[in-house]
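# Working through the structure, step by step
For reference, the chains in residue letters:
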Amino acid sequence: MLSQKTKYAVKAMIALADIGVGEAMQIAELAQQEAIPKKFLEQILLDLKHHGLINSRRGKHGGYTLIKNPEEISIGRIVRLIEGPIAPLSCLSKMAYQPCDDCKDEKSCRVRRVFAESYQATVEVLESTTLQDALGPQSGQKTPVVA
């Protein structure tokens, strides 16, 4: 399950993508629009800024801006920046791989096999879904079906 921090990060990034690259939104406006506590949002935006996804500028027309095109930023990247590894088991993680202490052989591990397929499907969806996709269907695109 995603943390509230990750959910807020994705919401904030979608809102910034919605106004366009280089366009600024003040933190108070973003917090109100997306129903995110302002102090919590400040921490999240700093994390996103340190990872090079957004920038901030001061002044009357200042605020936070998206610095990459929405089609270049996957939801998976945002999730990993905030959550860390996505894998449900450390033996499946590409970023934080560790063998399980109680496992004799990964290749024959039934628990690993059960989770490997769902993990791979999740990663494929998160990595192939961009902020642009999250903005909604454009002409010629299909609306995803949610089960």
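So, here's what we can say about the structure. Since this is a predicted model, take the numbers as computed values, not measurements.

### Quick word on a nonpolar patch on the surface
A cluster of nonpolar residues, Val 111, Val 114 and Phe 115, forms a patch on the protein surface that exposes about 270 Å² of accessible area. One can find Val 114 in helix 5 (residues 110–128).

### Things to note about the packing of helix 1 (residues 4–19) against helix 2 (residues 27–34)
For the pair helix 1 and helix 2, the least separation of the axes is 10 Å and the interaxial angle reads 115°. Compared by their axis directions, helix 1 and helix 2 come out roughly perpendicular. The way helix 1 lies across helix 2 gives a crossing that is right-handed. Between helix 1 and helix 2, the contacting residues are Lys 11, Ala 12 and Ala 15 on the first element and Leu 30, Gln 33 and Glu 34 on the second. Grouping the amino acids of the contact of helix 1 with helix 2 by side-chain chemistry returns three nonpolar, one polar and two charged.

### Here we look at the sheet that holds strand 3 (residues 63–66)
Strand order in this open sheet of three strands is 1-3-2, and the pairing throughout is antiparallel. The sheet is open, and its two borders are formed by strand 1 (24–25) and strand 2 (54–57), each paired with just one other strand. One ladder, built from four bridges, connects strand 2 with strand 3; its direction is antiparallel. Each bridged residue has a counterpart across the sheet, and for Ile 54 the counterpart in strand 3 is Leu 66. Strands strand 2 and strand 3 of the sheet are contacted by helix 3 (residues 38–50), whose axis makes an angle of about 115° with strand 2.

### Considerations on helix 1
End to end, helix 1 covers 23 Å across 16 residues, agreeing with the expected 22 Å (1.5 Å per residue, within 8%). Gly 20, located one to two residues past helix 1, shows a positive phi value of around 105°.

### As for the pattern of salt bridges
Counted according to the given criterion, the structure contains three salt bridges. Linking Lys 5 and Asp 47 is a salt bridge whose minimum nitrogen-to-oxygen distance equals 2.9 Å. A residue pair is termed long-range when its members are at least 10 positions apart, and Lys 5 in helix 1 and Asp 47 in helix 3 qualify at 42 residues. Residue Lys 5 is classed as partly exposed on the basis of its relative accessible area of 25%.

Definitions and cut-offs
Residues numbered from 1 in each chain as written. Predicted model: local features only at pLDDT ≥ 70, side-chain atom pairs only at ≥ 80, totals over all residues. Heavy atoms only, no water. Patch = residues over 30% accessible without salt bridge, like charges linked within 9 Å, V, L, I, M, F, W, Y side chains within 5 Å. Areas by Shrake-Rupley, 256 points an atom, 1.4 Å probe, with all protein chains shown as cover. Salt bridge = Lys/Arg side-chain N within 4 Å of Asp/Glu carboxyl O. Helix = DSSP H or I, 4+ residues; strand = E, 2+ residues; numbered from the N terminus. Axes fitted to C-alpha atoms, helices over the stretch in contact; angles between N-to-C directions. Parallel < 35°, antiparallel > 145°, perpendicular 65-115°, else oblique. Left-handed = near helix turned anticlockwise from the far one by under 90°. Contact = heavy atoms within 4.5 Å. Nonpolar A, V, L, I, M, F, W, Y, C, P; charged D, E, K, R; others polar. Pairing = 2+ DSSP bridges. Expected span 1.5 Å × (residues − 1). Buried < 20%, exposed > 50% of the residue type's maximum accessible area, 1.4 Å probe, protein only.

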